[in-house]
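For reference, the chains in residue letters:
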Amino acid sequence: MTIAEKDVQEKSDHLLPLRVSTVDQMIEASGLERGSTLLLSGGCGSGKTIFAMQSAYNAALNGERTLYLTIEESNEKIKRHMKNSFNWDIDSLEKKGMMAVKEINSIEFLSSLENCMKEAEIKQAIYGDINITPAQLFIFGKTIDLPFKPDRIIVDSISALAAMFKDKDHYRLFLKALVDTLNKNNSLNILINETEHEPILYNKLGVEEFLVDGVIGLYNIRKGELRRRAIEVVKLRSSDHTKEMVPYTIGRDGIRILRGERVY
Ligand SMILES: Nc1ncnc2c1ncn2[C@@H]1O[C@H](COP(=O)(O)OP(=O)(O)OP(=O)(O)O)[C@@H](O)[C@H]1O
Ligand SMILES: [Mg+2]
């Protein structure tokens with residue numbers, strides 16, 4: 001292998017494209033760094049789950065493995081919607097060992113947190129002190145057995161958890177620990193966060209966007225009686241990126257970004 005070939009190889013090992021329509025063309029580096037966390041923010045029904053599943057599905061076609069943790073919706077229901085709407089057969093990807101969709105019970109998780117609301121105890125609950133193997137992930141205070149070492153970890157979504165923290169500082173601490181834990185996996189991590197429809201605030205508490213390496217917003221912008229979907233790369237620590245909002249649609253092939261078009 002020549003030095004130039006090695007550079008290309010190392011770059012692709014180091015960077016992972018999102019693989020959703022033309023979103024990677026909005027990022028100068030054409031991908032995001034492994035060991036970093038992206039916040040995917042948007043209003044309800046803006047397409048966050050579809051974006052994340054499309055990313056995982058296309059990643060699988062390129063040999064990258066995804067762990068998808070669902071907190072709000074049942075995994076069977078998400079998989080059924082993806083199959084019926086877009087013909088993405090997640091069950092078959094799971095059978096091939098390219099994807100794993102796991103449900104996290106937020107009530108169980110929160111009841112375990114209720115008893116450890118002190119700073120040190122939260123750290124303990126999140127980081128753990130056990131020796132985990134590469135085939136395990138210690139997250140949300142418990143160890144999850146992984147069927148593979150994931151290239152991508154998606155958490156859908158952190159909003160349900162945020163609402164349960166009465167103290168903003170505890171939530172911030174929790175989120176910092178979560179991001180640190182995920183980044184240790186050398187995977188590209190995507191945290192889904194529910195916000196308002198319009199791009200006024202990226203989150204309700206104002207802490208999430210500072211703790212992550214990148215933020216992408218999915219909006220549903222109203223003008224008169226019309227609403228139009230738009231995507232924006234709000235921040236990225238690792239690369240320059242498009243500054244404009246770009247319109248997108250959701251159709252039979254999932255999210256399609258209308259590059260070169262204006263929102264209104
Ligand atoms: N087959 C389809 N064709 C066109 N649009 C669709 C199709 N299936 C779903 N949608 C659109 O996608 C939206 C739901 O997308 P998704 O579930 O990804 O949103 P979300 O941002 O995750 O929402 P929530 O905050 O409720 O979890 C629907 O409101 C609908 O407008
Ligand atoms: Mg969703």
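Provided above is the structure to which this section pertains.
Anyway, here's the lowdown on the structure attached to this text.

About the cut-offs
- Residues numbered from 1 in each chain as written.
- Chains lettered and ligands numbered in written order.
- Predicted model: local features only at pLDDT ≥ 70, side-chain atom pairs only at ≥ 80, totals over all residues.
- Heavy atoms only, no water.
- Helix = DSSP H or I, 4+ residues; strand = E, 2+ residues; numbered from the N terminus.
- Buried < 20%, exposed > 50% of the residue type's maximum accessible area, 1.4 Å probe, protein only.
- Polar contact = N/O pair within 3.5 Å; in protein donor to acceptor, adjacent residues only side chain to side chain.
- Contact = heavy atoms within 4.5 Å.
- Expected span 1.5 Å × (residues − 1).
- Salt bridge = Lys/Arg side-chain N within 4 Å of Asp/Glu carboxyl O.

Another aspect to go through is the side chain of H241. The topology assignment puts H241 in the loop between β11 (226–236) and β12 (246–251). On the accessibility criterion, H241 (12% relative accessible area) is buried. Reaching out from H241, the side chain makes a polar contact with the backbone oxygen of V233 at a distance of 3.3 Å. If near-sequence neighbours (up to four positions away) are discounted, H241 is found in contact with M26, I27, E28, V233, V234, K235 and L236.

Okay, unusual backbone geometry next. With glycine set apart, most residues show a phi of negative sign, and most peptide bonds adopt trans. Of the consecutive residues D156 and S157, the connecting peptide bond is found in the cis state with omega at 0°. By the element assignment, S157 lies in the loop between β8 (152–156) and α7 (159–164). With phi around 65°, R19 is a residue other than glycine that occupies positive phi space. Tracing the sequence through the fold places R19 in the loop between β1 (15–16) and β2 (32–33). Exposure remark for R19: the relative accessible area of 22% places this residue in the partly exposed category. The phi dihedral of S21 is positive, around 50°, even though this residue is not glycine. Within the secondary structure, S21 sits in the loop between β1 and β2.

Let's shift gears to the environment of R227. Along the chain, R227 falls in strand β11. Each C-alpha atom of the pair R227 and Y264 lies 9.8 Å from the other, and the pair is 37 residues apart in sequence. Among the polar contacts listed, one links the side chain of R227 to the backbone oxygen of N220, at a separation of 2.7 Å.

A word on helix α8 (residues 168–183). Each full turn of the α-helix corresponds to 3.6 residues, which orients residues three or four apart in the same direction. Counted at 1.5 Å a residue, the expected span for α8 with its 16 residues is 22 Å, and the 22 Å between its end C-alpha atoms agrees. Regarding α8, the residues found buried are H170, Y171, F174, L175, A177, L178, V179, T181, L182 and N183.

Okay, the pattern of salt bridges next. Following the criterion strictly, the structure yields 11 salt bridges and no others. Residue R237 pairs with D213 through a salt bridge whose shortest N-O separation is 3.4 Å. Of this pair, R237 sits in the loop between β11 and β12 while D213 sits in the loop between α9 (208–211) and β10 (214–223), and the two are 24 residues apart along the sequence. As a salt-bridge pair, D253 and R256 come within 2.6 Å of each other at their nearest N and O atoms. When its relative accessible area of 43% is taken as the criterion, R256 is described as partly exposed. One continuous salt-bridge network, built from bridges that share partners, spans E76, K79, D91 and E94.

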